[in-house]
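Listed below, chain by chain, are the residues.
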Amino acid sequence: MKTTAKKVFAALASLTLCASLAACGTETTPAANSGQKASGTKTVGIAMPTKSLERWNRDGEYLKKQFEDSGYKVELKYSDNKTDQQNNDIQSMIADGVDLLMIAAIDGSTLTQTLDDAKAKNIPVIAYDRLIMNTDAVSYYVSFDNYTVGKLQGEFVRDQLKLDTEAGPFNIEFTAGDPADNNAGFFFNGAYDALKPYIDEGKLVIPSGKTKFEQVATPEWKTDTAFDNMQNTLASYYSDGTKLDVALCSNDSTAMGVAKAITSDYAGDNQPILTGQDGDITNLRNIVDGIQTMTVYKNVNDEAGATLAVAKAILEGGTPDEGLLSSLGADASYDTSSYNNGVKVVPSYLLVPYVITKDNLQKLVDTGLYKWDANEKYLESTAETT
Ligand code: BGC
C-alpha cells in the first residue's frame, strides 16, 4: 500500500557544515537544549558508510545539525566502506547506550547479529537511505523512491532520443551500482524497465550484450571500477567507431568514471547522453560543460528531516504511520509493500527525486544547499568547505 501526501516544501536555507568535513569523523556533541526532557536527554547514533562520496558527508552533517537543533545528542560515525568497521562502530554506539540508531548500511546483509544486539537493548533502528536486510530489528526505512530514480533516467533517455517517433537504432550501455546495496537493483530496474519496450523493438541496441544487473554492477559504487569497466566495453565494442548514444549510469560516482573513459577512449565523435544521480558538485560541473547530461537529484536535507520526524515520533512513544506524512516538510509517500528485507516488509517513507539538467540548475540553488560561483557558471555547495 502506498499513501501519498503533498506537502508544502519548507526549504531549509543555507546550512553550515562543520568547518572541515574531513575532520568530522566521530563526534559526540552536547545537546543544544539539554534542559528539555523530551529529547534533550536522548542520544541518537548515526552510522554513515563512507566519507569518500560527497553525498554521505552531506547526509551526516544535515542529520547531525537537525537532530542537535531539536535538542538531541548525536554520535556520528563513518566506517570507510568497511563492513566489519561498520559493525564495530554500531556496536560501540550500542555500548554507549544510544536511544536510537540510524544506519546507512555499507552491505545491507551483514548487520543481522549487530542489530539483534540493538534489539536486545530495545534500541529502535531506522534504515537510512539503504534498506537493511535479513533482520526484524529494523523498524522503519527512510529513503527516496529508488525505482523512480531509475525510471526518471530511462524516461530522460527516451525523451532525448525521441524513441517514440525516431526509428533508431541507438546504442546504449548500462553501468549499475553496488550489489551489496539494496538500492542498486531498484535503480537499474527502474531505468531498464522504462527502456525495455524500445530494446525489445530493436530501437535501442546494447552492443556489449550486457543487459543484466550482475553484468554491469559496480562494487562499492567505485569511480575507478566504473572507469575500468567502461574502458573495456569501449575497447571491445566501440573501437571501430561504433557510435555510443547513451551511457546510462545509476549515480554520479559511476558517471564520473564512465565520463573519464568516454573522454579518453571513445572513438566516436558525438557526446553520448550520460545520466547520473545525486547532484555531486563535480558532476554538476560536468553537466555545465556538456560531459554529463543529467543527474537525478535527491534532496538529502529533506531526507534528514524526514528521518528526524520518524525518530522523534518513535522516541516520544508513538508508532509512525501515514499520518506522519503531513509533518515531513517535503513530498513523500508511505509505502508498506515495496521493501521486503527477507524477514519483514519494512514500512517506508519515500521522498520524491527529480531531474536536473543544465537548464534547471537554479532549482538546486533554490534549495538553499547550492549557490552559483563568482562567475555564475558552476554551482558550489553553500557549506563552508565543500
Ligand atoms: C544512494 C545513492 C548513492 C549510492 C552511492 C546509494 O545507496 O541511494 O544516492 O549514489 O548509494 O553512494
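As a reminder, the structure under discussion sits directly above these lines.
Residues numbered from 1 in each chain as written. Predicted model: local features only at pLDDT ≥ 70, side-chain atom pairs only at ≥ 80, totals over all residues. Heavy atoms only, no water.

Student: Run through the nonpolar core, naming residues and quoting values.
Tutor: Considering soluble globular proteins, one finds that nonpolar side chains tend to be buried as a cluster. The biggest cluster of nonpolar side chains holds 78 residues, and the ones touching the most others in it are Met-48, Phe-67, Phe-174, Leu-195 and Leu-204. At 10 residues, helix H11 (residues 300-315) tops the list of elements feeding residues into this core. A domain split of this core shows at least three residues from each of domain 1 (2-144 + 299-352) and domain 2 (147-277). (Core = buried A, V, L, I, M, F, W, Y, C linked by side-chain atoms within 4.5 Å. Buried < 20%, exposed > 50% of the residue type's maximum accessible area, 1.4 Å probe, protein only. Helix = DSSP H or I, 4+ residues; strand = E, 2+ residues; numbered from the N terminus. Domains from an automatic or database assignment.)

Student: Describe helix H5 (residues 146-161), listing the residues and the values that go with them.
Tutor: Here H5 spans 24 Å end to end across 16 residues, near enough to the 22 Å set by a 1.5 Å rise per residue. Listed in full, the buried residues belonging to H5 are Asn-146, Val-149, Gly-150, Leu-152, Gln-153, Gly-154, Phe-156, Val-157 and Leu-161. Between a side-chain oxygen at the N-terminus of H5 and the backbone nitrogen of Tyr-147 the separation is 3.4 Å; the capping residue is Asp-145. Lys-162, located one to two residues past H5, shows a positive phi value of around 50°. (Expected span 1.5 Å × (residues − 1). Polar contact = N/O pair within 3.5 Å; in protein donor to acceptor, adjacent residues only side chain to side chain.)

Student: Could you give an account of the pairing of strand E7 (residues 140-144), naming the residues involved and the relevant values?
Tutor: Buried residues dominate E7, accounting for five of its five residues. Residues Tyr-140, Val-142 and Phe-144 point to one face of E7 and Tyr-141 and Ser-143 to the other, with burial holding for every one of them. In this structure, strand E6 (residues 125-128) lies alongside E7, joined through three bridges in parallel fashion. Bridged to Ala-127 within E7 is Tyr-141. Examined bridge by bridge, E7 and strand E14 (residues 348-351) share four bridges and lie parallel to one another. Considered in E14, the bridge of Phe-144 is made with Leu-351. (Pairing = 2+ DSSP bridges.)

Student: Go over the packing of aromatic side chains, please, and point to the residues and values.
Tutor: Overall, the coordinates contain 12 aromatic pairs when judged by the stated rule. Ring centres 5.6 Å apart and planes at 70° place the aromatic pair Phe-174 and Phe-188 in the edge-to-face group. Placement of Phe-174 in strand E8 (residues 170-175) and of Phe-188 in helix H6 (residues 182-201) is noted, with a sequence separation of 14 residues between them. Classification of Phe-188 by relative accessible area gives buried; the value is 5%. Three or more aromatic residues joined by ring pairs make a cluster, and in this case those are Phe-174, Phe-188, Tyr-192 and Phe-213. (Phe/Tyr/Trp six-rings, centres within 6.5 Å; stacked < 30°, edge-to-face > 60°.)

Student: Please provide a residue-by-residue account of the environment of Asn-301, values included.
Tutor: Topologically, Asn-301 is positioned in helix H11. Once the C-alpha coordinates of Asn-301 and Lys-65 are considered, the two residues, 236 residues apart in sequence, prove to be 10.0 Å apart.

Student: How would you sum up the environment of Phe-186? Please name residues and give values.
Tutor: Position of Phe-186 among the secondary structure elements: in helix H6. Taking relative accessible area as the criterion, Phe-186 reaches 21% and is therefore assigned partly exposed.

Student: Provide a residue-level description of empty space enclosed by the protein, including the pertinent values.
Tutor: For the coordinates displayed, the defined rule picks out three cavities of 30 Å³ or more. Volume-wise, the largest cavity comes out at about 110 Å³. Along its surface, the largest cavity is lined by 15 residues, and Arg-55, Trp-56, Arg-130, Asn-251 and Asp-278 are the ones closest to its centre. Partitioning the lining of the largest cavity into residue classes produces four nonpolar, four polar and seven charged. (1 Å grid on protein atoms, 1.4 Å probe; cavity = no way out; pocket = protein on both sides within 12 Å on 5 of 7 lines; lining within 4 Å. Points joined across faces, edges and corners; volume = space filled by probe spheres on them. Nonpolar A, V, L, I, M, F, W, Y, C, P; charged D, E, K, R; others polar.)

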